[in-house]
Amino acid sequence: MLRPQMKSRALSIALCAVMSAAGLRAEPETLPVTVRGVTFQGNGCGPGSAVDSFDESRTRVTLIFSANLVAAGQGMSAGDTRRRCEIGFALTVKPGQNEQKALLVVRGHATLPAGAAAEVLTDWSGGSSSARNEERATLVSKGDEGGDDGFVITREIVLDASPSLTVQTSLVLTRGTDALMTIDSVDLAIGKAPYSATFEGPDTTPPIITADPSGDRSASGWYSGDVLVSFRCEDPESPIVPELSDLEPKLVTDTGSAKGECVNVTGNSSAVTLGVRIDRARPRIVGGHYPGAGWIALGAHVPSGLACVDEDSGIESCLIPGWLDTSKTGLHTISAVAWDRAGHDASATSWYYVGDAGNCSEDGWRQFAEPMFRDEYDCVSRFQSVLKGQ
Amino acid sequence: MRVMLPVVAAAMLMAPMSAYAQAPDPSQVYVQSITYGGTGCPNGSMAHSFANDRKSFTLIFDSFVASTGSGVPITESRKNCQLNVNLHLPQGWQFSIGTADYRGYVNLPAGARAEQKSVYYFAGESQVTRKGSFVGPVAKDYLRRDELPLSTVVWSECGMVVPVNINAQVSITGAGSNSAQITTDSIDGKVRHILGLQWRTCTAEPEPEE
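This one's a predicted model, so the numbers in the text were calculated from it and none came from an experiment.

Chemist: I tried to follow the overall build of chain B on my own but got confused; where do I start?
Modeler: Within chain B, the regular secondary structure consists of 1 helix and 13 strands. Helices (α) and strands (β) of chain B occur, in sequence order from the N terminus, as β-α-β-β-β-β-β-β-β-β-β-β-β-β. Evaluated residue by residue, chain B yields a buried proportion of 56% over its 210 residues. By sequence separation, contacts in chain B at least 24 residues apart represent 79% of the contacts at least 6 residues apart. About 8600 Å² of surface is accessible on chain B, with carbon and sulfur atoms providing 52% of the total.

Chemist: In this structure, what is going on with the overall build of chain A? I would like to understand it.
Modeler: Regarding its fold elements, chain A presents 2 helices and 25 strands. Here chain A holds 390 residues, and the buried ones make up 44% of them. Look at the contacts in chain A between residues 6 or more apart in sequence, and 67% of them connect residues 24 or more apart. Here chain A has roughly 19600 Å² of accessible surface; of this, 50% comes from carbon and sulfur atoms.

Chemist: Which parts of the structure should I look at to understand the state of the cysteines?
Modeler: Defined simply, a disulfide is a covalent bond joining two cysteines at their sulfur atoms. By the definition in use, this model includes 5 disulfides over all chains. Here Cys-233 of chain A pairs with Cys-262 of chain A through a disulfide, and the sulfurs are 1.8 Å apart. One quick way to see it: the torsion about the S-S bond of Cys-233 of chain A and Cys-262 of chain A is about -80°, and its sign makes the bridge left-handed. Of the two residues, Cys-233 of chain A is situated in strand β15 (residues 227-234) and Cys-262 of chain A in strand β17 (residues 256-263); the sequence distance between them amounts to 29 residues. Using a relative accessible area of 0% as the deciding quantity, one classes Cys-262 of chain A as buried. Disulfide pairing is shown between Cys-41 of chain B and Cys-81 of chain B; the S-S distance is 2.1 Å.

Chemist: Where do I start with the nonpolar core in this structure?
Modeler: Most often, soluble globular proteins have nonpolar side chains that are buried together. All names here are of chain B. Among the nonpolar cores identified, the biggest contains 48 residues, and Leu-83, Val-85, Leu-108 and Ile-182 are the most heavily contacted of them. The dominant element in this core, judged by the number of residues it contributes, is strand β11 (residues 160-173), at 7 residues. When sequence neighbours within four positions are dropped, the list of residues in contact with Leu-108 reads Arg-113, Ala-114, Phe-134, Val-135, Gly-136, Pro-137, Val-138, Ile-172, Ala-180 and Gln-181.

Chemist: Whenever I open this one, the interface of chain B and chain A confuses me. Can you help?
Modeler: Buried accessible area, meaning the area lost when the parts come together, often serves as the stated size of an interface. In this assembly, 59 residues from chain B lie in contact with 56 residues from chain A. Taken together, the two surfaces of chain B and chain A that pack against each other cover about 4700 Å², and 64% of this comes from carbon and sulfur. Across the contact surface, chain B and chain A share 1 salt bridge. Linking Asp-184 of chain A and Arg-78 of chain B is a salt bridge whose minimum nitrogen-to-oxygen distance equals 2.7 Å. In this structure, the connection of chain B to chain A is made through 13 residue pairs in polar contact (both at pLDDT 80 or more). Every element with two or more residues in the side of chain B that touches chain A is listed here: β2 (30-37), β6 (78-89), β7 (92-108), β8 (113-122), β9 (128-135), β10 (138-154), β11 and β13 (186-197) of chain B. Its residues placed into classes, the side of chain B that touches chain A shows 29 nonpolar, 24 polar and 6 charged. Direction of pairing for strand β12 (residues 195-199) of chain A relative to β10 of chain B: antiparallel, over a ladder of 5 bridges. For Ala-197 of chain A, the partnering residue across the bridge sits in β10 of chain B and is Thr-152 of chain B.

Chemist: Even after reading the chapter, I still don't get unusual backbone geometry, so can you show me in this structure?
Modeler: The bulk of non-glycine residues show a negative phi, and the bulk of peptide bonds are trans. Glu-370 of chain A connects to Pro-371 of chain A through a cis peptide bond whose omega is -5°. With respect to the helices and strands, the residue Pro-371 of chain A is situated in the loop between β25 (368-370) and α2 (376-389). Geometrically, the link from Gly-136 of chain B to Pro-137 of chain B is a cis peptide bond, its omega value of 5° lying close to zero. Look at Arg-58 of chain A: it is not a glycine, yet its phi comes out positive at around 60°. Looking at where Arg-58 of chain A falls in the secondary structure, it is placed in the loop between β2 (50-54) and β3 (60-65).

Chemist: Which parts of the structure should I look at to understand the environment of Ala-51 of chain B?
Modeler: Looking at where Ala-51 of chain B falls in the secondary structure, it is placed in the loop between β3 (46-50) and β4 (56-61). With relative accessibility at 24%, the residue Ala-51 of chain B sits in the partly exposed group.

Chemist: In this structure, what is going on with the confidence of the model for chain B? I would like to understand it.
Modeler: If pLDDT is low for a region, its predicted coordinates should not be looked at in detail. Residue and element names in this part refer to chain B. Residue-level pLDDT values for chain B average 83, and 86% of them are 70 or greater. Note that pLDDT drops below 50 for residues 4-20; the model gives that stretch 14 contacts with residues more than four away or on any other chain. For this predicted complex, the interface confidence comes out at an ipTM of 0.84, alongside a pTM of 0.65.

Chemist: Is there a simple way to explain the side chain of Ser-304 of chain A in this structure?
Modeler: All names here are of chain A. By the element assignment, Ser-304 lies in the loop between β20 (295-297) and β21 (307-309). Note on Ser-304: relative accessible area 2%, which makes it buried. Within the structure, Ser-304 has its side chain in polar contact with the backbone oxygen of Pro-321 (distance 2.7 Å).

Chemist: Help me out: how do you make sense of the pairing of β7 of chain B in this one?
Modeler: The side chains of a regular strand alternate between the sheet's two faces. Residue and element names in this part refer to chain B. Summarising burial for β7: 14 of the 17 residues are buried, a large majority. Where β7 meets β10, 17 bridges bridge the pair, whose relative direction is antiparallel. The partner of Tyr-105 across the bridge, within β10, is Asp-141. In terms of strand pairing, β7 meets β13 through 11 bridges, oriented antiparallel. Residue pairing in the sheet places Ile-97 in a bridge with Arg-192 of β13.

Chemist: I keep staring at the sheet that holds strand β13 (residues 208-213) of chain A and nothing clicks. Help me out?
Modeler: Two orientations exist for strands paired in a sheet by backbone hydrogen bonds: parallel and antiparallel. All names here are of chain A. Reading across the sheet, the 3 strands line up as β13-β15-β16 and stay open at both edges, with antiparallel pairing between neighbours. Each edge of the sheet is formed by a strand with only one pairing partner; in this case those strands are β13 and β16 (250-252). Between one strand axis and the next, the sheet turns through 30° on average, direction left out of account. Examined bridge by bridge, β15 and β16 share 3 bridges and lie antiparallel to one another. Counterpart to Val-227 in the pairing with β16 is Val-252.

Chemist: What is the right way to look at the sheet that holds strand β24 (residues 345-355) of chain A in this model?
Modeler: All names here are of chain A. With mixed pairing, the 5 strands of this open sheet are ordered in space as β22-β23-β24-β20-β25. Where the open sheet ends on each side, the last strands, each with one partner, are β22 (315-319) and β25. Geometrically, the sheet is characterised by an average inter-axis angle of 40° between neighbouring strands, direction not taken into account. Both β22 and strand β23 (residues 330-340) contribute to a ladder of 4 bridges, which runs antiparallel. Across the sheet, the residue bridging to Leu-319 is Val-337, located in β23.

So, how was this worked out
- Residue indices follow the written sequence of each chain, beginning from 1 at its first position.
- Written order determines the labels here, with chains lettered from A and ligands numbered from 1.
- For a predicted model such as this one, the threshold for reporting local features is a pLDDT of at least 70, and the threshold for listing and counting side-chain atom pairs is 80 or more; totals across whole chains, interfaces and linings nevertheless cover every residue.
- Neither water nor hydrogens contribute to the side-chain values; these are computed over all heavy atoms in the structure.
- Going along the chain from the N terminus, every DSSP run of H or I of four or more residues is numbered as a helix, and every run of E of two or more is numbered as a strand.
- The cut-offs for exposure are 20% and 50% of the maximum accessible area for each residue type, with area from a 1.4 Å probe on protein chains only; residues under the lower value are buried, those over the upper are exposed, and the others partly exposed.
- For this analysis, residues touch if any pair of their heavy atoms sits within 4.5 Å.
- Only the protein chains shown count as cover for residues, and the accessible areas themselves come from Shrake-Rupley with a 1.4 Å probe.
- Put simply, a disulfide is two cysteine sulfurs that come within 2.5 Å.
- For this analysis, a nonpolar core means a set of buried residues of the types Ala, Val, Leu, Ile, Met, Phe, Trp, Tyr and Cys, connected via side-chain atoms within 4.5 Å.
- Note: buried area is the sum, over both parts, of the accessible area (probe 1.4 Å) each one loses when the two are combined.
- We define a salt bridge as a side-chain nitrogen of Lys or Arg found within 4 Å of a carboxyl oxygen belonging to Asp or Glu.
- Each polar contact in these results corresponds to two N or O atoms within 3.5 Å; when the atoms are within protein, one needs to be able to donate a hydrogen and the other to accept it, and residues that are neighboring in sequence are counted only if both atoms are side-chain atoms.
- Nonpolar residues are Ala, Val, Leu, Ile, Met, Phe, Trp, Tyr, Cys and Pro. Charged residues are Asp, Glu, Lys and Arg, and all others, Gly as well, are polar.
- Only strands joined by at least two bridges in the DSSP assignment are considered to pair.
- Every residue gets a pLDDT, meaning the predictor's confidence in that residue, from 0 to 100.
- For helices, the axis comes from a line fit to the C-alpha atoms of the stretch in contact; other axes are also lines fit to C-alpha atoms, and the angle between any two N-to-C directions lies between 0 and 180 degrees.

Given below as structure tokens:
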């Protein structure tokens, strides 16, 4: 059973395949030319030595031969160097149909040692005049270098309104010994078939898999909460096999990784591992608790003592005054704002008092934290010297 | 030679043997029948069997042998058997993998080479070739497997029967007058459904094959 995501994926693959199916934009109308039957005649396709096979649309016919071969050499006679087969195709032609393209494909094998030569002749006739087609197809295979291989001869022919097509194949060994040549099959393919059937070629390219994380990712690559990682796999050459692939979305709740894998029908695979860094906590602002009651002497140079801290993603930005404002007496506040790399922010406010000589009387000098005074006199002197300095 | 086992009739015949015999799934690709011919499989020289679901078959050959040697005609040095495997393709798009296992025996003297080759094609389409080679001296059984991804699209609502051609061949070269042989004893074919999409339902009554 395919999971919903897999079904969706399979569906999209299927739709792509259908859309790209060569030439199949819509269901074909009634086929203009079909093959009713086939007859054979000749010493290359004697009774019982050839079979025919049709597709259901009867636009594709394959003839398979068991004795359509020529040979020269040990055990062979001169008569074995030529074979002929005349194939008659009985056609049904839709009224008004005057022209229809067809492919005639002859497949065979040749073992031709150096010095041997052979010919495969293919010609055809059809039409109301039943005259031999002037465009006679002649293909020659020469084994000057010697060779052993298959051959495919493809001819595009044009069918007219005639209800018959006659194709003649001839195999002739013209020179040499220890040579063998066969026609294994002849195919007739008329027009476009009402289906598409193709073997996929070798695919050595792995699919392309990508990971797509949900949620906002900071510029520094951090997330502030759970991340759902989805996977997307694409392969323009071969469909993906959902059963063998791991494309299920992964929920990442803590700093870690999510892995996906994709396998296509040819066995090529790709994997992707996406590292995810999660920082759920805000940054902290530390410091700002001043000694004693927090009195600071007017004009004293006191660092703010504040700092931004984030143990997970770290501090992206920190706005704090470097020094306390001691230019005026009275209650002061100091504020700080911090941003971490996941996008969280935090702010804090501290307070302190700024005092002067008027705060030194009696035990008032003890309130000061910065600087600390020995006694009232020390306190008053401090501010007097400050005034002198001004 | 045509090997035809009508699907409906086959299912009826098999029913008494197994109440749970798996019939062909019309929504997937399966093998309806096989036609064959060639120098390596003359009429009556091949036996066959199909699985109940028609997704696999076994062909056994009596005379699929290429050989060389003193007094052996050159026509024996290469044999072929072309199979016309009639596939039932369901309506819609299907992606399947066809597998063919070739089992046989090869015995070559030094200097000789042999090849087991198969050409696959649909009439009117380009072909793909898979092959395995042997270099003498060697005398052993062999198994060679071809795997072919197959993509089909059929618009007809009840699918269509489309033949795929498999031209299996064995040949020997370089043996001179020395005795050598390579055989194909059996072919096991299988079609495996991978993905498919159908956008119509077949409403027609099934018709028995001719």
